[in-house]
Amino acid sequence: MRAARLPEAGGPDLLRVEQVGTPAPGPGEVLIEVHAVGVNQLERQVMAGAPLGRPVLVPRTVGLDPTGVIAAVGLGVAEERVGERVAVKPNVPCGTCDFCTAGHEADCSSQYVSGIHSDGGAADYVVVPERVAFPIASSVGYAEAAAAVHSVPIALHMIRRAYGPAGFAPGTTVLVTGATGALGVACVQVCAALGARVVAGVLKGEPTGDLPSLGAAEVVEYPIDGSAELESAVRDIAPRGVPLALDATGSGALIGAALRLTSWAGHTVVAAALPESAFTVDTRNFYTRRVTLHGCAAADFTDVRDGLGLVADGRVSPVVATRMALEDIREAFEMTKRRDHLGKVVLSIR
Ligand SMILES: [Zn+2]
């Protein structure tokens, strides 16, 4: 079968599509015939050696979030799952720690990432534990499911991190920074679907045309390190700040601005990382205004089921920026560096 292989750490330029043996599912695992897989910023940065968690284990078949059809099952997996259309949750929790047994899989400290620490789905076939292969509705396309399975559950988890399972009250104003990326778009869409008034923050020059139709009530622009510009633009719309700010950039400067913009007893939730991550904070933000800063990098199983449910119901329509062939994977990763598109770059495998 074909597989996009990373021979050593050093970035997507090293990726080569090679012929390798088709893997076999072990106990508790499923073999998926891959139809589509996303291309992710995080993946690109970790491949290149950015210190954003455990480094990539090489050589490796990449591809975090494949979707497809279960072709075979390993020992202990119900035979009925063969033929099921599924999407893979990239972060694979251990299943046995205190966080996992409590249903807080997002916080499992022993989790690994399929496509970074185990062979992923930028290939004709992939093997994953069956518990991270979530069913997708027949109405949802494989590319759309690949665009959704990582970002939409994390967007939901970010909201629940702040407000618990019930989420926020309809009409709550939410600021989303980095609103044109895959996660940012998902944050805009999920917040709008849940009744928020969404203020979408985007880097100047990024394509913003579709954001209002995706649910953004307002769009504000900022230059590359323009925290002051972001602050003043949001204050024009929400003079007392926003109760919830979701950051999909990982930029220290923008997270600092989001914290300052967070209103009384409100929340800033960060779910992205950049090497340029440092910022200074006035700790009186936390004391005098009771604001909370949350860190988030994955989703619970409940968030995945509920997120895919929002997609199945048509309340969230995943945005596929473009579809490319597996052989074009280097160009696809190159595209994630450019800020000229909105939503997710997806590889169509078959
Ligand atoms: Zn665990």
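Residues numbered from 1 in each chain as written. Predicted model: local features only at pLDDT ≥ 70, side-chain atom pairs only at ≥ 80, totals over all residues.

Draft legend 1. View of helix α11 (residues 329–337). Buried residues of α11: I329, A332, F333 and T336, and no others. Viewed along the axis of α11, the buried residues span an arc of 95°, placing them on a single side of the element. (Buried ≥ 20, exposed ≤ 12 C-beta atoms within 10 Å, placed from the backbone. Helix = DSSP H or I, 4+ residues; strand = E, 2+ residues; numbered from the N terminus. Arc of directions from axis to C-beta.)

Draft legend 2. Structural view of the sheet that holds strand β15 (residues 262–270). Strand order across the open sheet formed by six strands is β13-β12-β11-β14-β15-β16, with parallel pairing between neighbours. Looking at strand neighbours, the two that pair on one side only are β13 (216–222) and β16 (292–295), the edges of this open sheet. Neighbouring strand axes in the sheet, compared pairwise and without regard to direction, differ in orientation by 20° on average. For strand β14 (residues 242–247) and β15, the ladder comprises five bridges, and the chain directions are parallel. When the sheet's bridge partners are listed, L244 is paired in β15 with H267. (Pairing = 2+ DSSP bridges. Axes fitted to C-alpha atoms, helices over the stretch in contact; angles between N-to-C directions.)

Draft legend 3. Representation of the environment of L14 in the model. Structurally, L14 is set in the loop between β1 (2–6) and β2 (16–19). When the C-alpha positions of L14 and A48 are compared, they lie 9.7 Å apart, and in sequence the two are 34 residues distant. With sequence-adjacent residues up to four places away left out, L14 is seen in contact with L6, P7 and E8. (Contact = placed C-beta atoms within 7 Å.)

Draft legend 4. Representation of the domain arrangement of the chain in the model. Its domain assignment divides the chain into domain 1 (2–135 + 319–348) and domain 2 (152–295). Between domain 1 and domain 2, the C-alpha centre-to-centre distance is 28 Å. Listed by partner, the interface residues are eleven residues for domain 1 and 13 residues for domain 2. Residues that form the side of domain 1 that touches domain 2 fall into these classes: five nonpolar, three polar and three charged. (Domains from an automatic or database assignment. Nonpolar A, V, L, I, M, F, W, Y, C, P; charged D, E, K, R; others polar.)

Draft legend 5. Region of the structure containing unusual backbone geometry. Going from V58 to P59, the amide bond is cis rather than trans, its omega being -5°. Looking at the secondary structure, you find P59 in the loop between α1 (41–47) and β4 (60–61). Of note, A265 is a non-glycine position whose phi angle comes to about 60°, a positive value. Even without a glycine there, the phi angle at R290 is positive, about 60°.

Draft legend 6. Spotlight on the pairing of β1. By the bridge criterion, four bridges tie β1 to β2 in an arrangement that is antiparallel. By the bridge assignment for β2, A3 is matched with E18.

Draft legend 7. Highlighting the UniProt feature "domain: Enoyl reductase (ER)" (unreviewed entry) in the chain. UniProt's entry tags residues 10–347 with the feature "domain: Enoyl reductase (ER)" (unreviewed entry), counted in the numbering of this structure. The annotated region residues 10–347 carries 28% helix and 26% strand content, and the separation between its end C-alpha atoms amounts to 21 Å. (UniProt positions renumbered as here; feature names shortened; annotations may be inferred.)

Draft legend 8. How the structure looks around the nonpolar core. Formed by 113 residues in total, the largest nonpolar core has its most connected members in V176, C187, V188, V190 and C191. Here the element with the most residues in this core is helix α5 (residues 182–193); it accounts for nine residues. Per-domain counts for this core show at least three residues from each of domain 1 (2–135 + 319–348) and domain 2 (152–295). (Core = buried A, V, L, I, M, F, W, Y, C linked by C-beta atoms within 7 Å.)

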